[in-house]
Amino acid sequence: MNDDRLPPVAPEVTATLVENLSPRLRKRLDAAVTKLGARPTHRDGDTVTIQVDDETELRLHAPGGVVATADAITCGCLLAPACVHRAAAACAAPTADPPPDLADRPTGAAPEPASAADPAPVPDSASSLSSQEVASPAQRAAADALWSAGAAVLEAGIDGAGAVTQSALLRAAHTARIRHLPRAAGAALSVVTLLRAARAGDPSYRTADFVTALAELLGTAHRVGTASGAELDAARGRARRPYSPDGSLRLYGLFTEPVVTDSGHGGVRTWVAGTDGRLFTVGDVAPGGVGRAVGVADRAVRLGDTALTHRELGRAGLAVSGATVSPDGRLGAGKGVKAVTARGAAWTELPLAALWETPPSEQAARALRSTSRYADPDGGGSDLLFLDVELIGAVRESAGTCLLALSDSGIAVRLTVADDDPALAHRDNLMLLAAAPGTRLRIIGRLVPAPHPRLTLLACAHPTGGGTIDLGLDRLRRADLPDPAAPVHPAPPQPGGPGAHSPLYLLERRVEQTVSAGRAALGMLGDVTAETRRIRRAGLPTAAGLLTALCTSAAQRERDLFGRLLPADTDSFATHWLTAALYTAAVADSLCAAAWEPVREGPAAEPSVPDRGPGRAVAQTAQH
């Protein structure tokens, strides 16, 4: 059975079914999930049937595409409805996204209709919550439950966090959402999704993503109980990102990029800029994968009365009245929005040319505010960088080949593909550009947080003049390239900077090891003096202290008067782990920002990374 063939199940349904199992059946739940995974399934309309054995069928009824109640999962075995099969099916199925208005709507109120293209503003109930100075007792209790569920995952590790542990997370997520804590609830659902992917051996799973999700869950739950005012609003989050009125806008097209998600969605996103330099997007993403992404580029933009396709909008302009904009710059397409085609602007003309005049270090700092692992989801901002570069040539890396370029400020930048799918043009275009060293290009890329300058290449000016290239959609030809020229730099400059050889990974790998194997595995490490000594020599005493504290906490177990081991202090260990996770993320962001600083003339030196700034502040905040 393929999980993708099962309908999504609401989090509270899975939690309820698992909670109703007897202790004996809970011990058998993980084995039952695995066993169901090998059984055939059949879909008939809104119902999916699993053949448990030759005589027993299990049915999941999903009107509207989602299993919304426990009664919608039925089993024909003799133990039903108290059997393990119903809970196992719910645990094997994907977790459904909660209704967007569940946390916002006052109890008993009917849902208001909303356009998928232009979500409704946040209701008054959410606005009244924003005026509270501190979290309510119910919110603090919900946050405590999320913290405990997250700490249990950290204690057990991925291998030990089975269906019962996941159901506790789902229950805590459901409670948090109805208590108006959608950010923490969403983080809990992300943890469950990644847990299942890791345990199923999904090739797309990355431990770093799991660390980020679990730290987001624990950190947000902690902030709800301690924050107030604007910080509390950020910790609560929003169930829906509101679209706010923005009057009349004169927009100029920049480029169009294909969008393909792991969940099987595909489409495009077209970027435009206003006269003041603000960036906006117009998107069209729906189920369909890469095939839809390629086709949608030539469909009309769903915005006002314009007949432009996405490709055309990327090179033309729009005059919009009654505009609505989300915090992340998405343009709404509600009935009140009017838009007509207008003249565009070349990248070398104002207002677009101004985007390339901002120093790369300032652009990188702005992009980091939106790409940081723990950035405020409502913080807005763009992760794009606008650079003038000279192409140097291809560079081989462990993950593949990238293109090295030298910016006008003297920074060596590695340019990578946004998507390796052969149906898209990214990889072929990058390889062609790598064959034209010495070519000067105006480019647009997306920041990749790393200790050296790195971008995914999205668009560029035509190498021989005359327009722009959407590198995921348009295919360059050799005739489009200038005659080969000798590169200015015979040997490609190598990425350097203060973080190029930082031993921060020594702490990062222990943070990742914990989520993979659990607290006990970290507690058996023994002496880490050699690692901490190396970290201190690199000028990171706080990182060394955090590593020592994390390993000490993992190994610490108290005994009672009879010498028996007492239960581990999961709260203390979770706090140490969260501190280390947030600290490494903050220092990594600092190293990334420092790498984009302009190259200074004079003797080359490898400065040590100062152990101060946001990393130390995060560590001190989490410790207290």
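Residues numbered from 1 in each chain as written. Predicted model: local features only at pLDDT ≥ 70, side-chain atom pairs only at ≥ 80, totals over all residues. Heavy atoms only, no water.

A.B. asks: I keep staring at the overall build of the chain and nothing clicks. Help me out?
C.D. replies: Within the chain one finds 20 helices and 15 strands. Counting across all 624 residues of the chain, residues that qualify as buried make up 49%. Contacts spanning at least 24 positions in sequence make up 66% of the contacts within the chain whose residues lie at least 6 apart. (Helix = DSSP H or I, 4+ residues; strand = E, 2+ residues; numbered from the N terminus. Buried < 20%, exposed > 50% of the residue type's maximum accessible area, 1.4 Å probe, protein only. Contact = heavy atoms within 4.5 Å.)

A.B. asks: So what exactly am I meant to see when it comes to the nonpolar core here?
C.D. replies: Looking at soluble globular proteins, one finds that nonpolar side chains tend to be buried together. Grouped together as the largest cluster of nonpolar side chains are 70 residues, with contacts concentrated most on Leu169, Phe210, Leu214 and Trp577. Where this core is concerned, the elements lending two or more residues are α6 (137-160), α7 (163-178), α8 (182-199), α9 (207-226), α10 (229-236), α15 (505-517), α18 (541-555) and α19 (570-595). If we ignore the near neighbours within four places in the chain, the residues touching leucine 214 are Gly150, Val153, Leu154, Val191, Val515 and Trp577. In terms of nonpolar packing, the next biggest core, distinct from the first, is built from 33 residues, Val52, Leu60, Cys77 and Ala90 among them. (Core = buried A, V, L, I, M, F, W, Y, C linked by side-chain atoms within 4.5 Å.)

A.B. asks: When you look at unusual backbone geometry in this model, what are you seeing that I'm missing?
C.D. replies: Negative phi is the rule for most residues except glycine; trans is the rule for most peptide bonds. Proline 81 follows alanine 80 through a cis peptide bond whose omega is 5°. Mapped onto the elements, proline 81 comes out in the loop between β4 (73-75) and α4 (84-92).

A.B. asks: What is the right way to read the sheet that holds strand β7 (residues 279-287) from this model?
C.D. replies: Sheets are built from strands that pair by backbone hydrogen bonding, the pairs being arranged parallel or antiparallel. Pairing is antiparallel in the open sheet, where 5 strands are placed in the order β7-β6-β5-β8-β9. Two strands close off the open sheet at either side, each with one partner strand: β7 and β9 (338-342). Put simply, the sheet's adjacent strands are angled 35° from each other on average, direction ignored. Relative to β7, strand β6 (residues 265-274) runs antiparallel, the two sharing 9 bridges. (Pairing = 2+ DSSP bridges. Axes fitted to C-alpha atoms, helices over the stretch in contact; angles between N-to-C directions.)

A.B. asks: Where do I start with the packing of α6 against α8 in this structure?
C.D. replies: Packed helices, taken two at a time, are described by the angle between their axes plus the distance between the axes. Between α6 and α8, the shortest axis-to-axis distance is 12 Å and the interhelical angle comes to 10°. Taken together, α6 and α8 sit at an angle that is classed as roughly parallel. Contacts between α6 and α8 involve Leu146, Val153, Ile158, Asp159 and Gly160 from the former and Ala184, Ala188, Leu195, Ala198 and Arg199 from the latter. (Parallel < 35°, antiparallel > 145°, perpendicular 65-115°, else oblique.)

A.B. asks: In this structure, what is going on with the sheet that holds strand β1 (residues 41-44)? I would like to understand it.
C.D. replies: Pairing within the open sheet is antiparallel, and its 4 strands lie in the order β1-β2-β3-β4. Strands with a single pairing partner mark the edges of an open sheet, and in this sheet they are β1 and β4. Strand-to-strand twist of the sheet, defined as the mean angle between neighbouring strand axes without regard to direction, takes the value 20°. In this sheet, β4 lies alongside strand β3 (residues 57-61) in antiparallel orientation, the contact comprising 3 bridges. Looking across to β4, one finds that leucine 60 is bridged to isoleucine 73. Sitting on the sheet, α4 touches β2 (47-51), β3 and β4, and the angle it makes with β4 is about 140°.

A.B. asks: Which parts of the structure should I look at to understand helix α13 (residues 360-371)?
C.D. replies: Owing to its 3.6 residues per turn, the α-helix aligns residues three or four sequence positions apart on the same side. Compared with an ideal rise of 1.5 Å per residue, which puts 12 residues at 16 Å, α13 spans 16 Å between its outermost C-alpha atoms and is within 8% of the ideal. Looking at α13, one finds that the buried residues are Pro360, Ser361, Gln363, Ala364, Ala367 and Leu368. Buried residues of α13 fall within an arc of 155° about the axis and therefore sit on the same side. Along its buried surface, α13 packs onto β10 (384-397), β13 (440-447) and α19. (Expected span 1.5 Å × (residues − 1). Arc of directions from axis to C-beta.)

A.B. asks: What is the right way to look at α4 in this model?
C.D. replies: Along α4, 9 of the 9 residues are buried, which leaves the element largely enclosed by surrounding structure. Taken as a whole, α4 has its buried residues at Val84, His85, Arg86, Ala87, Ala88, Ala89, Ala90, Cys91 and Ala92.

A.B. asks: Would you mind going over the side chain of arginine 446 with me for this structure?
C.D. replies: Inspection of the secondary structure assignment puts arginine 446 in strand β13. The class for arginine 446 is buried, based on a relative accessible area of 18%. At 2.8 Å, the side chain of arginine 446 forms a polar contact with the side chain of glutamate 257. Engagement of the side chain of arginine 446 in a polar contact is seen with the side chain of aspartate 383, the distance being 3.0 Å. Once you skip the residues sitting within four places of it in the chain, arginine 446 turns out to touch Glu257, Arg269, Trp271, Asp383, Leu384, Arg454, Leu455, Thr456 and Leu458. (Polar contact = N/O pair within 3.5 Å; in protein donor to acceptor, adjacent residues only side chain to side chain.)

A.B. asks: So what exactly am I meant to see when it comes to the confidence of the model for the chain here?
C.D. replies: The predicted structure's coordinates, where accompanied by low pLDDT, should not be read in detail. Taken over all residues, the pLDDT of the chain has a mean of 84, while the share at 70 or more is 86%. Every residue in residues 101-128 is under pLDDT 50, and counting partners more than four places away or in other chains gives 36 contacts. The low-confidence segment residues 602-624 (pLDDT under 50) makes 39 contacts with residues lying over four places distant or belonging to another chain. (pLDDT = per-residue confidence, 0-100.)

A.B. asks: Before we go on, may I ask you to explain the pattern of salt bridges in this structure?
C.D. replies: Where charged atoms from two side chains of opposite charge approach closely, those side chains can pair. In the structure shown here, the tally under the stated rule is 30 salt bridges. The salt bridge involving glutamate 19 is made with arginine 171; its shortest N-O contact spans 3.0 Å. Of this pair, glutamate 19 sits in helix α1 (residues 11-19) while arginine 171 sits in helix α7; the two residues are 152 residues apart in sequence, bridging distant segments of the chain. Taking the relative accessible area as the measure of exposure, glutamate 19 reaches 35% and is therefore partly exposed. Here arginine 171 falls in the partly exposed class, since its relative accessible area comes to 24%. The partner of aspartate 298 in a salt bridge is arginine 311, with the nearest N and O atoms 2.9 Å apart. (Salt bridge = Lys/Arg side-chain N within 4 Å of Asp/Glu carboxyl O.)

A.B. asks: Explain the side chain of threonine 514 here, please?
C.D. replies: If you trace the backbone, threonine 514 turns up in helix α15. Other than its neighbours up to four places away in sequence, threonine 514 contacts Leu154, Gly157, Arg519, Leu522, Phe573 and Trp577.

A.B. asks: Can you walk me through the packing of aromatic side chains in this structure?
C.D. replies: Ring pairs (aromatic) are described by centroid distance and by the angle formed between their planes. Counted by the stated rule, this structure contains 3 aromatic pairs. Their ring planes at 10° and their centres at 6.3 Å tell us that phenylalanine 255 and tryptophan 271 sit as a pair that is stacked. Taken together, the residues span a long stretch of sequence, with phenylalanine 255 in strand β5 (residues 244-260) and tryptophan 271 in strand β6 at a distance of 16 residues. In this pair, the class of phenylalanine 255 matches that of tryptophan 271, namely buried. Ring centres 5.0 Å apart and planes at 35° place the aromatic pair tryptophan 347 and tryptophan 356 in the tilted group. According to the relative accessible area criterion, tryptophan 356 is buried, its value standing at 8%. (Phe/Tyr/Trp six-rings, centres within 6.5 Å; stacked < 30°, edge-to-face > 60°.)

A.B. asks: Whenever I open this one, the environment of isoleucine 178 confuses me. Can you help?
C.D. replies: Among the structural elements, isoleucine 178 can be located in helix α7. Of the residues examined, isoleucine 178 reaches a relative accessible area of 35% and is grouped as partly exposed. Each C-alpha atom, one on isoleucine 178 and one on alanine 142, is 9.4 Å from the other, the two residues being 36 residues apart in sequence.

A.B. asks: Looking at this structure, I do not really get the pairing of strand β12 (residues 412-416). What am I missing?
C.D. replies: Consecutive side chains along a regular strand alternate between the two faces of the sheet. Burial runs high along β12: 5 of the 5 residues are buried. Sheet topology note: the strand β11 (residues 400-407)/β12 ladder contains 4 bridges and is antiparallel. The partner of leucine 403 across the bridge, within β12, is leucine 415. For β12 and strand β14 (residues 454-461), the ladder comprises 3 bridges, and the chain directions are parallel.

A.B. asks: Can you walk me through the pairing of β10 in this structure?
C.D. replies: Most of β10 is tucked away, with 10 of its 14 residues classed as buried. Taken together, the 7 bridges between β10 and β13 define a ladder with antiparallel strand orientation. Each residue of the ladder has a partner; that of glutamate 390, found in β13, is arginine 440. Across 8 bridges, the pairing between β10 and β11 is antiparallel. Opposite arginine 396, over in β11, you have threonine 401 as the bridge partner.

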